[in-house]
Amino acid sequence: MARLLGLLLLLGLGWLVVRQLLGPRRAPDRDSTPPRFEKTVRCSRCGVHLPLALASEDADGAPICNDAHCSAHQPRDRDPR
C-alpha cells in the first residue's frame, strides 16, 4: 500500500513539474484587433444619436433617422433653458 501511495505521489509531482516546464496554456486570441467604432450623428429632426451608416439625409443634406421614429417623437428644443 505504501508503494502505491509513493508511486502516485511521484506521478503527481512529475505531472506538476512537466506542467510548469511547458508553461501555462493560453487560449488563442480570437480577435486581436480592437473593436471598430462608427461615427455617430445627431438626427436633425428628433435629436437622437445614431451611427452614420444608418442615417438618411433630408432635402438639405442633414442627417435624419427613419421617418417612423421621427414622426413618433416631437422635435426637441436644443436649448432647454
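Going along each chain's sequence as written, the residues are numbered from 1 onward. This being a predicted model, a pLDDT of at least 70 is required before a residue's local features are given, and a value of 80 or more before pairs of side-chain atoms are given or counted; all residues contribute to the totals for chains, interfaces and linings. To obtain the side-chain values, all non-hydrogen atoms of the structure were used and water was disregarded.

## Thoughts on the overall build of the protein chain
Secondary structure elements follow DSSP: runs of H or I of four or more residues count as helices, runs of E of two or more count as strands, with numbering from the N terminus. The helix and strand tally for the protein chain stands at two helices and four strands. Mapped from its N terminus to its C terminus, the protein chain presents α and β elements in the order α-β-β-β-β-α. Across the 81 residues that make up the protein chain, the buried fraction comes to 10%. Working rule for contacts: check all heavy atoms of both residues, and any pair within 4.5 Å makes them a contact. Put simply, 22% of the contacts in the protein chain that link residues at least 6 apart link residues at least 24 apart. Under the scheme applied here, a residue whose accessible area is under 20% of the maximum for its type counts as buried, over 50% as exposed, and between as partly exposed, the area being computed with a 1.4 Å probe on protein chains only.

## Looking at a nonpolar patch on the surface
There is a patch of nonpolar side chains on the surface, built from Met1, Leu4, Leu5, Leu7, Leu8 and Leu11 and spanning about 680 Å² of accessible area. The topology assignment puts leucine 5 in helix H1 (residues 2-22). Two distance rules govern patches: like charges are joined within 9 Å, and nonpolar side chains (Val, Leu, Ile, Met, Phe, Trp, Tyr) within 5 Å, applied only to residues with over 30% relative accessible area and no salt bridge. Surface exposure here means Shrake-Rupley accessible area, sampled with a 1.4 Å probe, where a residue is shielded only by the protein chains that are shown. Salt bridges are defined as contacts in which a side-chain nitrogen from Lys or Arg sits within 4 Å of a carboxyl oxygen from Asp or Glu.

## Structural notes on the confidence of the model for the protein chain
Of the residues in the protein chain, 74% have a pLDDT of 70 or more, and the chain-wide mean is 80. On a range of 0 to 100, pLDDT expresses the predictor's confidence in each residue. Summarising per-element confidence for the protein chain, the mean pLDDT is lowest in helix H2 (residues 67-72) (68) and highest in strand E1 (residues 40-42) (91).

## Quick notes on the environment of glutamate 38
You can see glutamate 38 is positioned in the loop between H1 and E1. For glutamate 38 and leucine 50, which are twelve residues apart along the polypeptide, the C-alpha to C-alpha distance reads 9.4 Å. What glutamate 38 contacts, discounting residues up to four positions off in sequence, is Pro51 and Ala53.

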